[in-house]
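A look at the structure
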Amino acid sequence: MITIALPKGRIADEVLNIFSSIFGDEFCFLDRKLILQKGDFRFLLVRNQDVPIYVAYQAADLGVVGLDVLEENKLDIIRLLDLKIGKCKVVLGSKLNVGIDYNKPQIRIATKMPNITRDFFSKRAVATDIIKLYGSIELAPLVGLADAIVDIVETGNTMKQHNLKVDEVILESSAYLIANHNSFYAKKTNILDLYKKIEIIRDNL
Ligand code: PRP
């Protein structure tokens, strides 16, 4: 049995497409079910940010999750394969025509990703006050909660609509197939078999 944690949210559809190519058209989580059994495989539907946790604790052998999430929660897992889907960028953004005033003693940044933000600014020796939010990050600079944001950009529409601009790209992200260390060694043949199937589908997308 191999258990695979799949993400809800922004990359869910693209990820489910890959797995339905392998496991058949009827591959879907019905009636708000969070577990799906397909032969020797069991799939778990979990929040994007929770995927690495399920894998790190071996509640799942494999998982699919964005690089942004992996960089934010540095857990001890194996990054097996870049699926090259779910592409987005983690960016530093600020108000159009205002920008970021680096002469300030401290810059206040609103973000869902405090660890990525801290790493980025500590390398530049810029003092920051990082405010952790859980969503609607673009609002923060508009109402004076923050000088800038670190957020995900996919189409760029949300930032544009709120008169924000990208100052710098911090990370280019895509979805990765990840594995638990012990699972990988214990179930290597089956995992590599699935890996190859996923790789072929990825290369034909
Ligand atoms: C993300 C991100 C931006 C938006 C970017 O939010 O935080 O708000 O998507 O996408 P775009 O560049 O295509 O406009 P999400 O949809 O995950 O919602 P949230 O703000 O509630 O977390």
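Please refer to the structure placed before this passage.
A brief look at the structure comes next. (Residues numbered from 1 in each chain as written. Predicted model: local features only at pLDDT ≥ 70, side-chain atom pairs only at ≥ 80, totals over all residues. Heavy atoms only, no water.)

Around the ligand lies a shell of 13 residues, among which Arg10, Lys112, Glu138, Thr155 and Thr158 are the nearest. Glu154 is positioned with one of its backbone polar atoms (N or O) 2.8 Å from an oxygen atom of the ligand. At 2.7 Å, a backbone N or O of Gly156 approaches an oxygen atom of the ligand. When the ligand is considered free in solution it has 500 Å² of accessible area, and contact with the protein chains removes 69% of it. For the shell around the ligand, the secondary structure elements donating two or more residues are strand S9 (148-153) and helix H6 (157-161). Here the element with the most residues in the shell around the ligand is S9; it accounts for three residues. The class makeup of the residues in the shell around the ligand is two nonpolar, six polar and five charged. (Near = heavy atom within 4 Å. Polar contact = N/O pair within 3.5 Å; in protein donor to acceptor, adjacent residues only side chain to side chain. Areas by Shrake-Rupley, 256 points an atom, 1.4 Å probe, with all protein chains shown as cover. Helix = DSSP H or I, 4+ residues; strand = E, 2+ residues; numbered from the N terminus. Nonpolar A, V, L, I, M, F, W, Y, C, P; charged D, E, K, R; others polar.)

This brings us to the nonpolar core. Membership of the largest hydrophobic core comes to 31 residues, with the highest contact counts inside it found for Ile4, Leu6, Phe19, Phe43, Leu62, Leu80 and Leu177. Looking at this core, the elements with two or more residues in it are strand S1 (2-7), helix H1 (12-23), strand S3 (41-46), strand S4 (62-66), strand S5 (78-82), strand S11 (175-179) and helix H8 (188-203). Once residues within four sequence positions are removed from consideration, Ile4 is found in contact with Phe19, Phe41, Arg42, Phe43, Leu44, Ala60, Leu62, Gly63 and Leu194. (Core = buried A, V, L, I, M, F, W, Y, C linked by side-chain atoms within 4.5 Å. Buried < 20%, exposed > 50% of the residue type's maximum accessible area, 1.4 Å probe, protein only. Contact = heavy atoms within 4.5 Å.)

So, on to the sheet that holds S11. Read across the sheet, six strands follow the order S2-S3-S1-S4-S11-S5 without closing on themselves; strand pairing throughout is mixed. The open sheet has two edge strands with one neighbour each: strand S2 (35-38) and S5. Direction aside, the axes of adjacent strands within the sheet are offset by 25 degrees on average. Where S2 and S3 come together, four bridges link them in antiparallel fashion. Across the sheet, Gln37 pairs through a bridge with Arg42, a residue of S3. On top of the sheet, H1 reaches S1, S2, S3 and S4; it is set at about 145 degrees to S1, its chief contact. (Pairing = 2+ DSSP bridges. Axes fitted to C-alpha atoms, helices over the stretch in contact; angles between N-to-C directions.)

For the rest of this paragraph, the subject is the sheet that holds strand S6 (residues 88-95). In space, the five strands of this open sheet follow the order S8-S7-S9-S6-S10, with mixed pairing throughout. This sheet does not close on itself; its edge strands, each paired only once, are strand S8 (128-132) and strand S10 (164-173). Taking the axes of each pair of neighbouring strands and ignoring which way they run, one obtains an average angle of 25 degrees across the sheet. The pairing of S6 with S10 spans eight bridges and is classified as antiparallel. When the bridges of S10 are listed, Lys95 appears paired with Leu164. Sitting on the sheet, helix H4 (residues 114-123) touches S6, strand S7 (107-111), S8, S9 and S10, and the angle it makes with S8 is about 170 degrees.

So, about the packing of aromatic side chains. Aromatic ring pairs are defined here through the distance separating the ring centres and the angle between the ring planes. All chains considered together, the criterion is met by 11 aromatic pairs. On the numbers, 6.4 Å between centres and 15 degrees between planes, the contact of Phe19 with Phe23 is stacked. In this pair, Phe19 and Phe23 are both assigned in helix H1, four residues apart and thus about one turn of the helix distant. Note on accessibility: Phe19 and Phe23 belong to one class, buried. With centroids separated by 4.9 Å and ring planes inclined at 70 degrees, the aromatic side chains of Phe23 and Phe41 adopt a geometry described as edge-to-face. Here the residue Phe23 occupies a position in helix H1, and Phe41 occupies one in strand S3, the gap between them amounting to 18 residues. Each member of the pair, Phe23 as well as Phe41, carries the same accessibility label: buried. (Phe/Tyr/Trp six-rings, centres within 6.5 Å; stacked < 30°, edge-to-face > 60°.)

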